[in-house]
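Single-letter residue listing:
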Amino acid sequence: MEDNIFDKVHDVDLKKTMEKSYIDYAMSVIAARALPDVRDGLKPVQRRVLYSMIELNNGPDKPHRKCARIVGDTMGKYHPHGDSSIYGALVNMEQEWSTRYPLVDGHGNFGSVDGDGAAAMRYTEARLSKISMEMLADINKNTVDFVPNFDETEREPAVLPARYPNLLVNGTSGIAVGMATNIPPHNLKEIVNAVIKMIDNRIEESRDTEIDEILEIVKGPDFPTGAQILGTKGIEEAYRTGRGKIRVRAVTDIESMPNGKSRIIVSELPYMVNKARLIEKIADLVRDKKVDGITNITDESNREGMRINIELRRDVNANVLLNQLYKHTQLQDTFGVIMLALVNNEPKVMNILQMLHYYIQHQEEVVTRRTQYELNKAEERAHILQGLLIALDNIDEVIRIIRASKNAQIAKEGLIERFGLSDVQAQAIVDMRLRALTGLEREKLENEFKELMERITYLKSILADRNLLLGVIREEIIIIRDKFGDERRTSIGFDEFDISMEDLIPRTNVVIAMTKLGYIKRMTIDNFKSQNRGGKGIKGMQTIDDDYIEDLLMTSTHHYLMFFTNTGKVYRLKAYEIPESSRTARGTAIINLLQLAPGEKITAMIPIKEYKAGRYLFMATKNGIVKKTPIRDYANVRKTGLAAISLREEDELIEVKTTNNEKDIILVTKYGQCIRFHETDVRSTGRTSMGVIGMSLSHGDEVIGMQLNTQGEYLMIVSEKGMGKLTHMNEFTAQNRGGKGVKCYKIMEKTGNVIGVKAVNKENEIMIISTEGIVIRMMCGDISVLGRVTSGVKLINMDVDNDIMVASIAKVRESSNQTEEDMLKSLEEELLEEESLDGEVVTAGDTAPEEEAEASDSSIDSLVERALEEKEKEEQEAHENGSEEELQDGQDE
């Protein structure tokens, strides 16, 4: 008796068996579980869930269905794995913080950004989202291959038609065996525009697209949670090679609280960062004393958006603490890009151009198969219509044959024999209803046949011409872009370590504006509407209470901006690092950009192209101290700032100018005193020196401005109640530094103290800014030239009763008859000559729309009209004042 075969022990090579089994398992995970297909960007479980939902007729126009039903159908028909993996995939496709363009529209608790899990599938409901219908469009038109399911009882699609590049648009992540993929989500508009560019190049120029052309269109990943990407180096590396590291930083804002403390507000987090764990981590750092200075953390997020409030101690530098949080927590995170997907069922790392190429290739196949399907259907219908029309032409004979036949089969045979019809045509004639004999029905059949023949010709032309085929793809994807496209959520910020970032920023002239309370912004060069003196002005920017524009200057995007503070420190930024805003926007708090200490504020901004020998920084303090230092001593400014001048107690740095050791310095005080002395009277000293006495002040007086004799022919002095005048520069003779100077302005009750001084020429224009943020611009030639000891004329109406005063004045750089192009050209020449702009002011912003005029007036025109009416009266008053005050001046002398 033979031994039972099942009782035998078979010797096998363990190494070979393990290798074979593990390779089988690995290939199964790679090809059928963890990695997406390059064509539709979906993993098998996602594809099966979506297909199950369309099979259930669970579209966006139908009611939500229980998730348990969807999961059950998917598991029973197509995905023989655990229900948790199917439900997990369904939930992920619904979460708007996980998927850039969600493919599932959920109803119920699908989890949260805090890491909370979704409710059990028996409680939640779902249906397909509108954009997911584009993934499944035309699936029943033989556009894709269908394969047997796991038990060969059903058929499932091997890939979805995917009418938009879902792999890049929604991204994906997955860990297979020996490999992983991590593709970030992108903006639909940008990706579609890249596809259109590739198609256009092929149709119009018959050439392949270069990757550089794609990089110009696709700026970078666009995460559903927003945040900010630092630099472009990682993006470019990932797009060119398929691998790269992208640094993503949370969007934060440093705010001042009424009690004098600061707080950090976090409004957007990096992709896939768990908010609850992040707050926990910050609390742990505070507890372990790794981060010192946080007094309270609250999560104030709601339906309107995310908001984490981190309150700080009063003595803490908010910028320094924020940098510590970036270092120790996921407020700054790295996204490792691995652009791996299945191409012909084989894993492949691709660059962005290859991924788009495979997508277009897939669309060509989908549209070709759909067109062929529609052509076949059209030809079948045309064939039947042809038979029906033949029957109608010979209707009497057809009726005779049918009536004479014993059954339908004999009738069909008779018709086929008589008219040479096919079996299908004969069947259609036999099935034809009597109403087809009416004239209207016949006309309908003829029109339908004509339209079908035109459509058949069109479909055949698509199949015969690849360019026409690509044109169809282009038209259809543009419709999807226009329907579902939205704006970017993730901004691309500047990375201080990414040198290549600078090369991408165009060299353009910009206007920098900063307010008294420290809000700063960058604007393009546009003009305020010029008005006559005495007008009310137009709204220059939205400010908060007691805030107003203090500095406006023009520079180039690649020039340095040096910020000098009241405490005698200097900070530095490139102009492009200041966020761009509109004319009416408030801007960004400067404490978000510079690491200012509590109580420290900016008092001077200087644009510098480069640090040249022979150039000096000349500084003046509130108490009349002046200092001259070679500009090269300030070439290396740390992020934490650099000591620019040593100050005595209760003294502040008020103004800084760039000079060449050949100019005269003019200091003006708030009580109307002025001194002029040669720059050479002040010897050059080191960076941390204290300086020398520039002007002796009487009790309570302080220096409010410093000007250079080369800045203009006249000295314009403005008081806080809106009075002002021009005085010729020659009236201020040079004397030795350290004196009390001479009287330059007659202060009375109707004038108030001196608030601003500028050296100007008559062709210059001046801007006067009130504490309300109202800006008026006027020609200096319209302002009276008066003697030193005079009060001047009214320049701007001030509502003194409500404590509204002049806040500051600013000089406009271009003349009124100069075009914007001429002004830009002359400015460019100045910048190329490496001349500093000396902190002088130019206007910025559009000609203001009517609705931005003062509330009491309906338009700027009305402001101008009123100003013109007042002009004669004002000039007469100015003449009288001038005459009286000139006489008084002579008596005083």
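Thresholds applied
Residues numbered from 1 in each chain as written. Predicted model: local features only at pLDDT ≥ 70, side-chain atom pairs only at ≥ 80, totals over all residues. Heavy atoms only, no water. Helix = DSSP H or I, 4+ residues; strand = E, 2+ residues; numbered from the N terminus. Buried < 20%, exposed > 50% of the residue type's maximum accessible area, 1.4 Å probe, protein only. Contact = heavy atoms within 4.5 Å. Areas by Shrake-Rupley, 256 points an atom, 1.4 Å probe, with all protein chains shown as cover. Patch = residues over 30% accessible without salt bridge, like charges linked within 9 Å, V, L, I, M, F, W, Y side chains within 5 Å. Salt bridge = Lys/Arg side-chain N within 4 Å of Asp/Glu carboxyl O. UniProt positions renumbered as here; feature names shortened; annotations may be inferred. Lys, Arg positive; Asp, Glu negative; His and termini not counted. Charge placed at Lys NZ, Arg CZ, Asp CG, Glu CD. Phe/Tyr/Trp six-rings, centres within 6.5 Å; stacked < 30°, edge-to-face > 60°. pLDDT = per-residue confidence, 0-100. Expected span 1.5 Å × (residues − 1). Polar contact = N/O pair within 3.5 Å; in protein donor to acceptor, adjacent residues only side chain to side chain. Axes fitted to C-alpha atoms, helices over the stretch in contact; angles between N-to-C directions. Parallel < 35°, antiparallel > 145°, perpendicular 65-115°, else oblique. Nonpolar A, V, L, I, M, F, W, Y, C, P; charged D, E, K, R; others polar. Pairing = 2+ DSSP bridges. Core = buried A, V, L, I, M, F, W, Y, C linked by side-chain atoms within 4.5 Å. Domains from an automatic or database assignment. Left-handed = near helix turned anticlockwise from the far one by under 90°.

**What to know about the overall build of the protein**
A tally of regular secondary structure across the protein gives 20 helices and 41 strands. Per-residue burial over the protein gives 50% buried out of 893 residues. Considering only contacts within the protein whose residues lie at least 6 apart along the sequence, 73% involve residues at least 24 apart. Here the protein displays about 41,700 Å² of accessible surface, and carbon together with sulfur accounts for 47% of that area.

**As for a nonpolar patch on the surface**
On the surface, Ile399, Leu434 and Leu437 cluster together into a nonpolar patch covering about 290 Å² of accessible area. Mapped onto the elements of the fold, Leu434 is located in the loop between α15 (423–431) and α16 (439–464). Judged by relative accessible area, Leu434 falls into the exposed class, the value being 71%.

**Examining the UniProt feature "coiled-coil region" (unreviewed entry) in the protein**
UniProt records the feature "coiled-coil region" (unreviewed entry) for residues 435–462 in the present numbering. Here residues 435–462 is 86% helix and 0% strand, with 37 Å between the C-alpha atoms at its ends.

**Quick word on a negative patch on the surface**
A cluster of like negative charges, contributed by Glu772, Asp799, Asp801 and Asp803, occupies part of the molecular surface. Position of Glu772 among the secondary structure elements: in the loop between β38 (765–770) and β39 (774–779).

**Description of the pattern of salt bridges**
Taken as a whole, this structure holds 49 salt bridges when the rule is applied. For Asp105, the salt bridge is made with Arg127, and the minimal N-O distance between the two is 2.9 Å. Of the two residues, Asp105 is situated in strand β2 (residues 104–107) and Arg127 in strand β3 (residues 125–128); the sequence distance between them amounts to 22 residues. With a shortest N-O distance of 2.8 Å, Glu476 and Arg370 are connected by a salt bridge. Of this pair, Glu476 sits in helix α17 (residues 466–484) while Arg370 sits in helix α12 (residues 352–393); the two residues are 106 residues apart in sequence, bridging distant segments of the chain. Using a relative accessible area of 23% as the deciding quantity, one classes Glu476 as partly exposed. Look at Arg370 and you get buried, because its relative accessible area is 9%.

**Some details on the packing of aromatic side chains**
For the structure on display, the rule yields 8 aromatic pairs. On the basis of an interplanar angle of 50° and a centroid distance of 5.8 Å, the ring pair of Tyr22 and Tyr25 is categorised as tilted. In this pair, Tyr22 and Tyr25 are both assigned in helix α1 (residues 14–34), 3 residues apart and thus about one turn of the helix distant. Tyr22 sits in the partly exposed class, given a relative accessible area of 48%. Measuring from ring centre to ring centre gives 6.1 Å for Tyr271 and Phe335, while their planes differ by 35°; the resulting arrangement is tilted. In this pair, Tyr271 is assigned in the loop between β11 (262–268) and α10 (275–287) and Phe335 in strand β14 (residues 332–338), connecting sequence segments 64 residues apart. Owing to a relative accessible area of 13%, Tyr271 belongs among the buried residues under this scheme. For Phe335, a relative accessible area of 9% translates into the label buried. These aromatic residues form a ring-pair network of at least three members: Tyr51, Tyr78 and Phe146.

**So, the confidence of the model for the protein**
Interpretation of the predicted coordinates at a detailed level should be avoided for regions scoring low in pLDDT. Averaged over the protein, the pLDDT score is 85; the fraction of residues at 70 or greater is 86%. This stretch, residues 527–540, has a pLDDT under 50; its non-local contacts, to residues over four places away or in other chains, come to 76 contacts. The low-confidence segment residues 814–893 (pLDDT under 50) makes 156 contacts with residues lying over four places distant or belonging to another chain.

**Considering α17**
Structurally, the α-helix is built with 3.6 residues per turn, so residues lying three or four positions apart point the same way. End to end, α17 covers 27 Å across 19 residues, agreeing with the expected 27 Å (1.5 Å per residue, within 8%). Each element contacted by the buried residues of α17 is listed here: α5 (132–135), α7 (188–205), α12 and α16. The N-cap residue of α17 is Asp465: its side-chain oxygen and the backbone nitrogen of Asn467 are 3.0 Å apart.

**Brief notes about α16**
When the terminal C-alpha atoms of α16 are compared, their 38 Å separation across 26 residues agrees well with the 38 Å that a helix rising 1.5 Å per residue should span. Taken as a whole, α16 has its buried residues at Leu445, Leu452, Ile456, Leu459 and Ile462. On the buried face of α16, the contacting elements are α12 and α17.

**Quick notes on the packing of α16 against α17**
In the contact formed by α16 and α17, the axes pass within 5 Å of each other and the chain directions differ by 105°. When the interaxial angle is binned, α16 and α17 end up roughly perpendicular. From α16, Tyr458, Ser461, Ile462 and Ala464 reach across to α17, where they touch Arg466, Leu468, Leu469 and Val472. Per-class residue counts for the contact of α16 with α17 are 6 nonpolar, 1 polar and 1 charged.

**Details of the sheet that holds strand β35 (residues 723–728)**
Pairing in this open sheet of 4 strands is antiparallel, and the strands run β37-β34-β35-β40 from one edge to the other. Of all the strands in the sheet, just β37 (754–760) and β40 (793–794) have a single pairing partner and so form its edges. The pairing of β35 with β40 spans 2 bridges and is antiparallel. Residue pairing across strands places Gly724 opposite Val793, the latter belonging to β40.

**Here's the deal with the nonpolar core**
Counting 83 residues, the largest nonpolar core has Leu50, Leu188, Ile352 and Leu356 as its most contacted members. Counting residues per element, this core draws most heavily on α12, at 9 residues. Composition of this core by domain shows at least three residues from each of domain 1 (28–162) and domain 3 (353–484). In contact with Leu50, not counting residues within four places along its chain, are Leu42, Met93, Leu103, Val104, Leu128, Leu136 and Leu160. In terms of nonpolar packing, the next biggest core, distinct from the first, is built from 23 residues, Val266, Ile279, Ile294 and Ile308 among them.

**A word on the packing of helix α3 (residues 67–77) against helix α4 (residues 83–94)**
Relative orientation of the contacting elements α3 and α4 amounts to 120°, with a least axis distance of 10 Å. Relative to α4, α3 is oriented oblique. Between α3 and α4 lies a crossing whose hand is right-handed. Of the residues in α4, those in contact with Cys67, Val71, Thr74 and Met75 of α3 are Asp83, Ile86, Tyr87 and Leu90. Residue composition of the contact of α3 with α4, by class: 6 nonpolar, 1 polar and 1 charged.

**Describing the pairing of β11**
Across 6 bridges, strand β10 (residues 251–256) lies against β11 in antiparallel orientation. Residue pairing in the sheet places Thr252 in a bridge with Val266 of β11. In sequence, β10 turns back onto β11 through a hairpin of 5 residues, with Gly260 there showing a positive phi of about 95°. With 4 bridges joining them, β11 and strand β13 (residues 308–312) adopt antiparallel strand pairing. Looking at the pairing, Val266 lines up with Ile308 of β13.

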